[in-house]
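Architecture at a glance
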Amino acid sequence: MKRVLLTTLTTGSRMATFCQCIESLQQQNINDTFSIDILVVENNQTHHQDVVEAIANYQHAPFTIHHQLETTAGIPFARNNALRFGQAQQGLIIWPL
């Protein structure tokens, strides 16, 4: 059974860093034992249109991108959102960035 490595990115309107991170993840060599999923947790009151558009630009990336919104401000809330998402998915290994 192939394991999924869930890499979590939390962002609060930091588009340049966000895009650099996604670009870097695309360059990684992953062996056949794992596949990568990316969870983007926006820590904002509403979805930031730039984040939504950036995710759409990576639809042909070698990984699946999931997108969550955490409306309570603060990195602990965004990380807890990522943990809840990861726990709801079976077989995921969670790796926060």
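Rules used throughout
- Along every chain, residues carry numbers that run from 1 in the direction the sequence is written.
- pLDDT decides what is reported in this predicted model: residues at 70 or higher carry local features, side-chain atom pairs at 80 or more are listed and counted, and totals for whole chains, interfaces and linings draw on all residues regardless.
- The side-chain figures draw on all heavy atoms in the structure; neither hydrogens nor water molecules are used.
- In DSSP terms, a helix is any run of H or I states spanning at least four residues, a strand is any run of E spanning at least two, and both are numbered starting from the N terminus.
- To estimate the expected span of a helix, count its residues, drop one, and scale the result by 1.5 Å.
- Note on exposure labels: buried denotes an accessible area under 20% of the residue type's maximum, exposed denotes more than 50%, and partly exposed covers the range between, all computed with a 1.4 Å probe on protein chains only.
- Arc, as used here, means the arc of the directions from the helix axis to the C-beta atoms.
- By salt bridge we mean one thing: a side-chain nitrogen of Lys or Arg within 4 Å of a carboxyl oxygen of Asp or Glu.
- Joining through side-chain atoms within 4.5 Å is the link that ties buried Ala, Val, Leu, Ile, Met, Phe, Trp, Tyr and Cys residues into a set, and such a set is a nonpolar core.
- In what follows, residue pairs with any heavy atoms lying within 4.5 Å of each other are defined as contacts.

1. With respect to helix H1 (residues 15–26)
In a regular helix each residue adds 1.5 Å, so twelve residues correspond to 16 Å; H1 covers 17 Å between its end C-alpha atoms and thus fits that length. Buried residues of H1: Met15, Phe18, Ile22 and Leu25, and no others. Burial along H1 is one-sided: seen end-on, the buried residues are contained in an arc of 95 degrees. For H1, the exposed residues lying more than 90 degrees away from the buried face are Ala16 and Gln20.

2. Quick notes on the pattern of salt bridges
Applying the stated rule across the entire model yields one salt bridge. Where Glu70 meets Arg84, a salt bridge forms, and the shortest distance between an N and an O atom there is 3.5 Å. Of the two residues, Glu70 is situated in strand E3 (residues 64–70) and Arg84 in helix H3 (residues 75–88); the sequence distance between them amounts to 14 residues. On the accessibility criterion, Glu70 (9% relative accessible area) is buried. On the basis of relative accessibility, which here comes to 48%, the residue Arg84 falls in the partly exposed class.

3. Description of the nonpolar core
Formed by 15 residues in total, the largest nonpolar core has its most connected members in Phe18, Ile22, Ile38, Val40, Phe63 and Ile65. Where this core is concerned, the elements lending two or more residues are H1, strand E2 (34–43) and helix H2 (49–57). If one sorts the elements of this core by residue count, H1 sits on top with four residues. Among residues more than four places away in sequence, those in contact with Phe63 are Ile22, Leu25, Gln26, Ile36 and Ile38.

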